[in-house]
Amino acid sequence: MAELKYLSGFGNECASEDPRCPGSLPEGQNNPQVCPYNLYAEQLSGSAFTCPRSTNKRSWLYRILPSVSHKPFESVDKGHVTHNWDEVDPDPNQLRWKPFEIPKASQKKVDFVSGLHTLCGAGDIKSNNGLAIHIFLCNTSMENRCFYNSDGDFLIVPQKGSLLIYTEFGKMLVQPNEICVIQDVSPFNVVAWHGNYTPYKYNLKNFMVINSVAFDHADPSIFTVLTAKSVRPGVAIADFVIFPPRWGVADKTFRPPYYHRNCMSEFMGLIRGHYEAKQGGFLPGGGSLHSAMTPHGPDADCFEKASKVKLAPERIADGTMAFMFESSLSLAVTKWGLKASGCLDENYHKCWEPLKSHFTPNSRNPAGPN
């Protein structure tokens, strides 16, 4: 396969056309009476028509046939994809999953669509408000079919192997430590396009980390890469957050993530390495869910070490990339996530059992390493 070339600049006005059809993009207008090469003009809108022009997201595509040209949709076996958030009773416990296993191709071929498994989610697709978190487990390419998601945009975080994704706007090769966002319908008949509402990918190593240089922790929102806004300003349906390699220099500070309860729900995953607050149990390809107001934080071993270590500038999370979906919604777990996957870690709570009281009622300022 020839090397792929990408258009740079998130949110820019971009354009592309098939080199086999030079001049296929109309000049000076979006919707001529007759398009070059007798193509069909079709607009894809990612925002309301009434949005201010500066926030308007749309692209024009020039297709051999418009998207409306299809046979009636038919229901198929939905497999493990669901939006039924009432399958099981709410579970306030801390939940963690061992790495989800990819089926062996020699036993059963599973492509991206058939390998989708809904793990948790919340909201209502009819009101277009909510999110779902899926695990994808595939071992073969999609053949003679494409996937169309009319409920929203897909954020894909690969952990193992590479994804060659065909979109309406071109191809993307997405590898571990990269993410992509796609709005996808049939990619097979687009000759040219221009606009600012397009699929994109991003290499997480390019994220500019900001951190405390004095004491205590900065707000965790400093690690936010992408945000899906809600109707309430400053509150997200979903934030995509990462914890990349960085320096820790804060004085007189417990440096790992502190114990906390949160009005948001937090789903965490690990792409590679070892998460700084839990050296064992939380593994690449697995995940954890701490629902709204469910307490969580470092395991006992991490707490003991971080409380006693002599503080000096140190590298944190080298060789590691953990991520988090943080949501204002209360996420419900599916039956597959709790039972059928076979990956739920029943011993997760035990990582906090060794925590012991260090209370010194007769000494307000016990001696420490600093």
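So, a few notes on the structure that sits alongside this text. (Residues numbered from 1 in each chain as written. Predicted model: local features only at pLDDT ≥ 70, side-chain atom pairs only at ≥ 80, totals over all residues. Heavy atoms only, no water.)

### A look at the packing of aromatic side chains
Any two aromatic rings considered together are summarised by their centre-to-centre distance and by the angle between their planes.
Now for step 1: Per the counting criterion, the structure on display carries 19 aromatic pairs.
Now for step 2: Ring geometry for Phe 112 against Phe 147: centres 6.5 Å apart, planes inclined by 70°, an arrangement best described as edge-to-face. A residue pair is termed long-range when its members are at least 10 positions apart, and Phe 112 in the loop between β4 (95–97) and β5 (116–124) and Phe 147 in the loop between β6 (129–136) and β7 (154–156) qualify at 35 residues.
Now for step 3: Judged by relative accessible area, which is 14%, Phe 112 ranks as buried.
Now for step 4: Note on Phe 169 and Trp 193: the rings are 4.9 Å apart at their centroids and 75° apart in plane angle, and the pair reads as edge-to-face. A residue pair is termed long-range when its members are at least 10 positions apart, and Phe 169 in the loop between β8 (163–167) and β9 (170–174) and Trp 193 in strand β11 (residues 190–195) qualify at 24 residues. Taken as a pair, Phe 169 and Trp 193 share a single burial class, namely buried.
Now for step 5: Chaining the aromatic ring pairs together yields one cluster made of Trp 97, Phe 240, Phe 267, Phe 323 and Phe 325. (Phe/Tyr/Trp six-rings, centres within 6.5 Å; stacked < 30°, edge-to-face > 60°. Helix = DSSP H or I, 4+ residues; strand = E, 2+ residues; numbered from the N terminus. Buried < 20%, exposed > 50% of the residue type's maximum accessible area, 1.4 Å probe, protein only.)

### Some points on the nonpolar core
Now for step 1: The biggest cluster of nonpolar side chains holds 32 residues, and the ones touching the most others in it are Trp 97, Phe 100, Phe 240, Ile 242, Phe 267, Leu 289 and Leu 331.
Now for step 2: Top element by residues in this core is strand β14 (residues 236–243). It accounts for four residues.
Now for step 3: Setting aside its immediate chain neighbours within four residues, Trp 97 contacts Leu 119, Phe 267, Gly 286, Gly 287, Ser 288, Leu 289, Val 333, Gly 337, Ser 341, Cys 343, Leu 344 and Asp 345.
Now for step 4: Leu 116, Ile 165, Met 172 and Cys 180 belong to the second-largest nonpolar core, a separate cluster that totals 10 residues. (Core = buried A, V, L, I, M, F, W, Y, C linked by side-chain atoms within 4.5 Å. Contact = heavy atoms within 4.5 Å.)

### Quick word on a nonpolar patch on the surface
Now for step 1: Judged by side-chain polarity, Tyr 40, Ile 64 and Leu 65 come together as a nonpolar surface patch covering roughly 290 Å² of accessible area.
Now for step 2: Inspection of the secondary structure assignment puts Leu 65 in the loop between β3 (58–63) and β4.
Now for step 3: For Leu 65, a relative accessible area of 40% corresponds to the partly exposed category. (Patch = residues over 30% accessible without salt bridge, like charges linked within 9 Å, V, L, I, M, F, W, Y side chains within 5 Å. Areas by Shrake-Rupley, 256 points an atom, 1.4 Å probe, with all protein chains shown as cover. Salt bridge = Lys/Arg side-chain N within 4 Å of Asp/Glu carboxyl O.)

### Some details on the sheet that holds strand β2 (residues 40–45)
Strand pairs in the sheet, formed through backbone hydrogen bonds, run parallel or antiparallel to each other.
Now for step 1: Sheet architecture is open: four strands sit in the order β1-β11-β3-β2, paired in antiparallel fashion. Strands with a single pairing partner mark the edges of an open sheet, and in this sheet they are β1 (14–17) and β2. Taking each pair of neighbouring strands and ignoring which way they run, the sheet shows an average axis angle of 20°.
Now for step 2: Where β1 and β11 come together, four bridges link them in antiparallel fashion. (Pairing = 2+ DSSP bridges. Axes fitted to C-alpha atoms, helices over the stretch in contact; angles between N-to-C directions.)

### Considering the sheet that holds strand β10 (residues 178–182)
Now for step 1: Across the sheet, three strands lie side by side as β7-β10-β12; this open sheet has antiparallel pairing. Of all the strands in the sheet, just β7 and β12 (200–203) have a single pairing partner and so form its edges. Each adjacent strand pair in this sheet contributes to an overall mean axis angle of 15°, direction not counted.
Now for step 2: Pairing of β10 with β12 involves four bridges; the strand directions are antiparallel. Within β12, the position partnered with Glu 178 by the bridge is Asn 203.

### Quick notes on the pattern of salt bridges
Now for step 1: Applying the stated criterion across every chain, the model contains 11 salt bridges.
Now for step 2: For the salt bridge of Asp 345 with Arg 96, the shortest nitrogen-to-oxygen distance reads 3.1 Å. One end of the pair, Asp 345, is in the segment after α2 (335–340); the other, Arg 96, is in strand β4, with 249 residues separating them in the sequence. For the pair shown, Asp 345 and Arg 96 are each scored as buried.
Now for step 3: In this structure, the salt-bridge partner of Glu 314 is Arg 255, at a minimum N-O distance of 3.3 Å. Of this pair, Glu 314 sits in strand β18 (residues 314–316) while Arg 255 sits in the loop between β15 (246–248) and β16 (265–272), and the two are 59 residues apart along the sequence.
Now for step 4: On the accessibility criterion, Arg 255 (11% relative accessible area) is buried.
Now for step 5: Linked through salt bridges whose partners overlap, the residues forming this network are Glu 42, Arg 63 and Glu 168.

Scope: geometric values only; no functional claims are made or implied.
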